[in-house]
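# Remarks on the overall topology
Spelled out from the first residue to the last, the chains are:
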Amino acid sequence: MEPSGKEVQDVLSFQIKTISELVQQQITNTIASLDLTSSQAFLLGYLCHLHQRGEVVYPRDIERHFQLSHPTVSGLLKRLEAKGFLLLEPSPEDRRCKRILVTDRAIHVSTQLRQGIDDVNRQLAAGMTAEEISQLRGFLNRMIANISPVKGGIHP
């Protein structure tokens with residue numbers, strides 16, 4: 001017998017919450033020696049990726065990409081700066097805006113971060129075919145878009 005709409009929603013939200021908590025726990029265990037929280041690690045990985053592509057990044061870019069508030073992004077950046085992972089410097093074009101620069105320390109740990117995240121992703125996708133993973137990504141993106149306050153959701 002098929003579950004009702006309410007039962008499906010309850011099960012989905014619980015399963016998603018459980019996956020989120022387990023992923024966060026795995027990443028936290030992986031990065032504990034790096035003096036980073038999982039949120040800081042994800043953000044630092046993203047910033048290092050953009051740095052490698054030669055892209056200039058500002059706090060508002062992070063707010064938009066991750067759908068985070070200005071105070072949240074500001075706090076994350078200040079903590080990463082205090083730990084020596086990045087520098088915030090005034091933009092040459094507009095001194096009111098701060099440009100985000102990653103440090104050598106950030107580049108050094110980005111490889112370890114990438115390996116930890118890749119390990120978690122491999123665990124999540126174990127036993128799935130490439131087609132199933134592609135379908136899952138589509139479903140998850142649709143779910144994000146369905147509940148996102150910003151049209152279109154996020155696209156990591």
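Residues numbered from 1 in each chain as written. Predicted model: local features only at pLDDT ≥ 70, side-chain atom pairs only at ≥ 80, totals over all residues. Heavy atoms only, no water.

This part takes up the overall build of the protein. Helices and strands together make up the secondary structure of the protein, namely six helices and two strands. Each helix and strand of the protein, ordered N terminal to C terminal, gives the series α-α-α-α-β-β-α-α. Classification of the 156 residues of the protein by burial places 26% in the buried group. Here the protein displays about 10,800 Å² of accessible surface, and carbon together with sulfur accounts for 56% of that area. (Helix = DSSP H or I, 4+ residues; strand = E, 2+ residues; numbered from the N terminus. Buried < 20%, exposed > 50% of the residue type's maximum accessible area, 1.4 Å probe, protein only. Areas by Shrake-Rupley, 256 points an atom, 1.4 Å probe, with all protein chains shown as cover.)

So, about the confidence of the model for the protein. Per-residue confidence for the protein averages 87 on the pLDDT scale, and 90% of its residues sit at or above 70. Put simply, helix α1 (residues 5-31) is where the protein has its lowest mean pLDDT, 82, and helix α4 (residues 70-82) is where it has its highest, 96. (pLDDT = per-residue confidence, 0-100.)

Leu36, Leu43, Leu44, Leu47, Ile62, Leu77 and Leu113 are the most contacted members of the largest nonpolar core, which totals 27 residues. At the level of secondary structure, the elements contributing two or more residues to this core comprise α1, α2 (38-52), α4, β2 (98-102) and α5 (104-125). Take this core: its biggest share by element is seven residues, from α2. (Core = buried A, V, L, I, M, F, W, Y, C linked by side-chain atoms within 4.5 Å.)

Once that is clear, we can look at the pattern of salt bridges. A side chain with one charge may pair with a side chain of the opposite charge, provided their charged atoms come close. For the structure shown, the criterion picks out eight salt bridges. Between arginine 96 and aspartate 94 there is a salt bridge; the shortest N-O distance is 3.0 Å. The class for aspartate 94 is partly exposed, based on a relative accessible area of 24%. (Salt bridge = Lys/Arg side-chain N within 4 Å of Asp/Glu carboxyl O.)

Before going further, it helps to spend a moment on the environment of leucine 80. Its place among the elements puts leucine 80 in helix α4. Considered as a pair, leucine 80 and leucine 43 are 37 residues apart in the sequence and their alpha carbons are 9.4 Å apart. Aside from chain neighbours lying at most four places away, what touches leucine 80 is Leu36, Gln40, Leu43, Phe85 and Leu86. (Contact = heavy atoms within 4.5 Å.)

Over its 15 residues, α2 extends 21 Å from the first C-alpha to the last, a length consistent with the 21 Å expected when each residue adds 1.5 Å. Taken together, the buried positions of α2 are Ser38, Gln40, Ala41, Leu43, Leu44, Tyr46, Leu47, Cys48 and Leu50. Glycine 54 lies just past α2 and shows a positive phi near 75 degrees. (Expected span 1.5 Å × (residues − 1).)

What follows deals with the packing of α2 against α5. Remark: α2 packs on α5, axes separated minimally by 9 Å, with the N-to-C direction vectors making an angle of 115 degrees. In this structure, α2 crosses over α5, and the sense of that crossing is left-handed. Contacts between α2 and α5 involve Ala41, Phe42, Leu44, Gly45, Cys48 and His51 on the former and, on the latter, Ala106, Ile107, Val109, Ser110, Leu113 and Ile117. Grouping the constituent residues of the contact of α2 with α5 by class yields nine nonpolar, three polar and no charged. (Axes fitted to C-alpha atoms, helices over the stretch in contact; angles between N-to-C directions. Left-handed = near helix turned anticlockwise from the far one by under 90°. Nonpolar A, V, L, I, M, F, W, Y, C, P; charged D, E, K, R; others polar.)

Moving on to the packing of α2 against α4. The N-to-C vectors of α2 and α4 enclose an angle of 80 degrees; their axes lie 10 Å apart at closest approach. With respect to their mutual orientation, α2 and α4 come out roughly perpendicular. Within the contact between the two elements, α2 uses Ser39, Gln40, Leu43 and Leu47 and α4 uses Leu76, Leu77, Arg79 and Leu80. Its residues assigned to classes, the contact of α2 with α4 comprises five nonpolar, two polar and one charged. (Parallel < 35°, antiparallel > 145°, perpendicular 65-115°, else oblique.)

Looking now at helix α3 (residues 59-66). A turn of α-helix holds 3.6 residues, and therefore any two residues three or four places apart point the same way. Of all the positions in α3, only Pro59, Ile62 and Glu63 are classed as buried. Seen end-on, α3 carries its buried residues on one side only, within an arc spanning 105 degrees. Note on α3: the residue one or two positions beyond its end, glutamine 67, has a positive phi of about 55 degrees. (Arc of directions from axis to C-beta.)

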